[in-house]
Amino acid sequence: MIQAHHQSSEYDAIIVGAGFAGMYMLNSLKKLGLSVKVIEAASDVGGTWFWNRYPGARCDVPSMEYSYSFSEDLQQEWNWTEVMAAQPEILEYANHVADRLELRADIQFNTRVSAAKFLDGDKRWRVDTEAGETYICQFCIMATGCLSVPNTPQIDGAETFKGDVYHTGEWPHTGVDFENISVGIIGTGSSGIQAIPVIAEQAKHLTVFQRTPNYTMPAHNRPLTEDFREDAKDNYADIRQRQRESIAGIIGYGFGFGGSDTVEPTEAILETSAEEREAALSKEGFSAIPRYIDIGLDMSANELACDMYREQISRTVKNPQTAEGLMPRGYPIGCKRPVIDTHYYDTFNRDNTTLVDLRQGGIEKITETGVQTSQGQFDFDALVYATGFDAMTGALLKMDVRGAGGVKLSDHWQAGPRTYLGLQINGFPNMFTITGPGSPSVLSNMIVSIEQHVDWISDCIKHMAQNSLQLIEASAEAEENWIAHVNEVANGTMLTAPSCNSWYLGANIVGKPRIFMPYAGGVGTYREYCDAVVTNNYEGFKLSA
Ligand code: NA7
């Protein structure tokens, strides 16, 4: 065990954030015997699942796999009720973990970190909170989440709107009753696509403002049976191992590809005839599309899949003009974050739901009563922004983070995020970023990636203590090489197609550098890199006494 250092506001480690990353990091470092404090802006644990309480909020990774694997007791005792869990159940799980592992005593809630600065002389970090407290620590661990800074676009006149305004990523904890109210919603990413069917059922009328139609697949969500749960629990050792070795940290145990009952993709769409594609579509609808293995690899294969997709929209949505308005065009399937839905397209067959396809004329301004577009004015009582997040770098850059020599993180990242393995940044010794840019993070099951990073960081800190080492820092060369590799892996894929404007590329935030931020090489391969770095005596890191 490591000798803990803890004098009033001095800790071995400060962790920023008490979502799934911060909670597990806390548990791991406590087990090592370190003095640790977690600082969390929210009033309780859960991160993403604490804030995103909008109607329909749900995880799109099977619940048996979207859960911690580090504790056999935890994974055996918790009973998920659905294939893909809804937000309240995931938040309940986070609370259960916090109770079970007695984490809350070391978490300071309702506190936002404003700055983190490396003190060159002391070789310690100084962490400041908005409330004016200061903490000193050896290790500063950012568990600040990849999608934790909501993006509200600057639209002229926004402040003049007289009704209630909500953002999906900051939903009121008391819930919102939309009954007898007309609602306008801006945005059709995962959050909008999950919320729209549920709000449409509650509200008097729903107007959907869509800038870019998305490709979304049916979730096929359903309750889990006791038999299934027991079977998965019996096989957890194998399931977890396969998750860790997989591309996205998801194996779809028992459900097949994409959570549907279809099997792993094996067929090449380029080798199918029009009749075969028609037969697949008639039998399986949208779910026929993920069966093709080449649509992520070849643009002409992708275009065939897009044609099938649009055809299925025209079969699902009754009004031909609305169907046309919902059809994605001009960018490939697989360039943006995959979305899965429950009755999304059916919602546009309801009398109380109107689509405003902003490709036919964009938003000019927000008025006292609604949204004015070049197609006309649309009035409603309440406005919902489902406009996403300043992803991956937003939370880190919102704080004043300064490394050795007072170098600002915002300067180091001026042309886009630069890290070594998404774990560390050159010039920022002893600071770690859990699921930081340059790691698989948002391209994977976040919990698998979180556990891998937390285990790596804990082992590193243990290694340092055992060898009387005080500092670890990624070298400039290792960072340079890693970023080149991250780009090389993503280039030429659908993810970086010139027609793609995704938040992976920072394209949703005005002025953000267009850089592909996560690592697209898969969690299995990435883990091998990280393990090899350790085996090679922390290759690419400078360790010093
Ligand atoms: P996303 O996926 O970033 O979606 C945001 C949506 O908001 C998207 O449809 C945007 O259109 C739209 N948007 C953003 N700004 C505007 C303006 N100014 N006018 C009109 N429409 C706008 O965020 P989500 O919250 O849905 O999902 C984020 C992730 O959370 C998700 O991928 C999962 O990983 C969980 P655009 O496509 O940019 O044209």
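From a predicted model like this one, the values you see are computed outputs, not experimental measurements.

## Quick look at the overall build of the chain
So, point 1. Scanning the chain from terminus to terminus reveals 16 helices and 20 strands.
So, point 2. Over its C-alpha trace the chain gives a radius of gyration of 24 Å, about what one expects of a compact globule, namely 24 Å for 545 residues.
So, point 3. Over its C-alpha atoms, taken along the principal directions, the chain stretches across nearly 70 × 55 × 45 Å.
So, point 4. Within the chain, buried positions represent 56% of all 545 residues.
So, point 5. In the chain, 71% of the contacts between residues at least 6 apart in sequence involve partners at least 24 apart.
So, point 6. Only carbon and sulfur atoms are counted for the fraction: they give 48% of the accessible area of the chain, which is about 22,500 Å².
So, point 7. Averaging the positions of the 42 positive and the 70 negative side-chain charges in the chain gives two centres separated by 4 Å.

## Quick look at the sheet that holds strand 14 (residues 370–373)
So, point 1. The three strands are arranged 13-14-15 in an open sheet whose pairing can be described as antiparallel. Two strands lie at the open edges of the sheet, namely strand 13 (363–366) and strand 15 (376–379), each paired on one side alone. Each strand of the sheet is rotated relative to its neighbour by a mean of 20°, with strand direction disregarded.
So, point 2. The pairing of strand 13 with strand 14 spans three bridges and is antiparallel. Its bridge partner being in strand 14, Ile 366 is matched across the sheet by Val 371.

## Re the pattern of salt bridges
So, point 1. Summed over the entire model, instances satisfying the criterion amount to 24 salt bridges.
So, point 2. In this structure, Asp 44 engages Arg 104 in a salt bridge whose closest nitrogen and oxygen atoms are separated by 3.2 Å. In this pair, Asp 44 sits in the loop between strand 2 (36–39) and helix 2 (48–51) while Arg 104 sits in the loop between helix 4 (87–100) and strand 3 (107–108), placing the two residues 60 residues apart along the sequence.
So, point 3. With relative accessibility at 22%, the residue Asp 44 sits in the partly exposed group.
So, point 4. Using a relative accessible area of 26% as the deciding quantity, one classes Arg 104 as partly exposed.
So, point 5. In this structure, Asp 60 and Arg 337 form a salt bridge, with 2.9 Å as the shortest nitrogen-oxygen distance. In this pair, Asp 60 is assigned in the loop between helix 2 and helix 3 (72–77) and Arg 337 in the loop between helix 10 (320–326) and strand 11 (339–341), connecting sequence segments 277 residues apart.
So, point 6. Because the salt bridges share partners, they merge into one network encompassing Asp 44, Asp 99 and Arg 104.

## Structural notes on the domain arrangement of the chain
So, point 1. The domain architecture assigned to the chain consists of domain 1 (10–45 + 103–149 + 390–539) and domain 2 (158–385).
So, point 2. Computed from C-alpha atoms alone, the centre-to-centre distance between domain 1 and domain 2 is 30 Å.
So, point 3. At the interface, 18 residues of domain 1 touch 23 residues of domain 2.
So, point 4. Taken together, both faces of the contact between domain 1 and domain 2 bury some 1,400 Å²; the carbon and sulfur share is 58%.
So, point 5. Seen at the junction of domain 1 and domain 2, the total is zero salt bridges.
So, point 6. Across the domain 1-domain 2 interface, the total number found is six residue pairs in polar contact (both at pLDDT 80 or more).
So, point 7. Broken down by element, the residue count for the side of domain 1 that touches domain 2 peaks at three residues, all from helix 16 (residues 523–535).
So, point 8. Class assignment for the residues of the side of domain 1 that touches domain 2 results in ten nonpolar, seven polar and one charged.

## Considering the site of the ligand
So, point 1. Lining the immediate environment of the ligand, one finds 17 residues, of which Thr 188, Ser 191, Arg 211, Thr 212 and Lys 336 sit closest.
So, point 2. Take Arg 211: an N or O atom from its side chain is 2.9 Å from an oxygen atom of the ligand.
So, point 3. Expressed as a share of its isolated accessible area of 770 Å², the protein-covered part of the ligand is 86%.
So, point 4. Tallied by class, the residues present in the shell around the ligand amount to six nonpolar, eight polar and three charged.

## Description of the packing of aromatic side chains
So, point 1. All told, the structure shown has 40 aromatic pairs when counted by the stated rule.
So, point 2. Seen from their ring centres, Tyr 344 and Phe 348 are 5.2 Å apart, and the 80° between their planes marks the pair as edge-to-face.
So, point 3. Taking relative accessible area as the criterion, Tyr 344 reaches 2% and is therefore assigned buried.
So, point 4. Ring centres of Trp 456 and Phe 541 lie 5.4 Å apart, and the angle between their planes is 40°; this geometry places the pair in the tilted category. On the criterion of sequence distance, the pair formed by Trp 456 in helix 14 (residues 446–466) and Phe 541 in strand 20 (residues 541–544) is long-range, its members being 85 residues apart. By the burial criterion, Trp 456 is buried, and Phe 541 matches it.
So, point 5. Ring-pair connections join several aromatic residues into one group, and the members of that group are Phe 20, Tyr 24, Trp 49, Tyr 66, Tyr 68, Phe 70, Trp 78, Trp 80 and Tyr 93.
So, point 6. Over the face of the ring belonging to Phe 50 we find Arg 53, whose NZ or CZ atom lies 4.7 Å from the ring centre.

The rules behind the values
The residue count restarts for each chain, going from 1 along the sequence in the order it is written. Local features in a predicted model are, by the rule used here, given only for residues with pLDDT of at least 70; side-chain atom pairs are given and counted only at 80 or more, and totals for whole chains, interfaces and linings are based on all residues. Heavy atoms throughout the structure, all of them, feed into the side-chain values; hydrogens and water do not. In DSSP terms, a helix is any run of H or I states spanning at least four residues, a strand is any run of E spanning at least two, and both are numbered starting from the N terminus. In this description the radius of gyration comes from C-alpha coordinates, and the expected globular size is given by 2.2 Å times residues to the power 0.38. Using a 1.4 Å probe on the protein chains alone, a residue whose accessible area is under 20% of its type maximum counts as buried, one over 50% counts as exposed, and one in between counts as partly exposed. The contact criterion used is simple: two residues touch if any of their non-hydrogen atoms lie within 4.5 Å. Residue exposure ignores everything except the shown protein chains as possible cover, and the areas themselves are Shrake-Rupley values with a 1.4 Å probe. Only four residue types enter the tally: Lys and Arg on the positive side, Asp and Glu on the negative side; His and the chain ends are excluded. The atoms used to mark charge sites are NZ of Lys, CZ of Arg, CG of Asp and CD of Glu. Strands qualify as paired when DSSP identifies two bridges or more between them. Comment: axis = line fitted to C-alpha atoms, over the contacting stretch for helices; angle = value between 0 and 180 degrees taken between N-to-C directions. By definition, a salt bridge exists where a carboxyl oxygen of Asp or Glu is found within 4 Å of a side-chain nitrogen of Lys or Arg. As used throughout, domain bounds are those supplied by an automatic or database domain assignment. Here the quantity called buried area is the total loss of accessible area, with a 1.4 Å probe, experienced by two parts when brought into contact, counted for both. Think of a polar contact as two N or O atoms within 3.5 Å of one another; within protein, one of them needs to be a possible hydrogen donor and the other a possible acceptor, and neighboring residues in sequence only count if both atoms come from side chains. Residues were grouped as follows: Ala, Val, Leu, Ile, Met, Phe, Trp, Tyr, Cys and Pro as nonpolar; Asp, Glu, Lys and Arg as charged; and all remaining residues, including Gly, as polar. A cutoff of 4 Å decides nearness: a residue is near a molecule or strand if any of its heavy atoms lies inside that distance of it. Only Phe, Tyr and Trp rings are paired, with Trp represented by its six-membered ring, and only when their centres lie within 6.5 Å; those with planes under 30 degrees apart are stacked, over 60 edge-to-face, the remainder tilted. Only when the NZ atom of a Lys or the CZ atom of an Arg is both within 6 Å of the ring centre and within 35 degrees of the ring normal do we say a charge sits over the ring.

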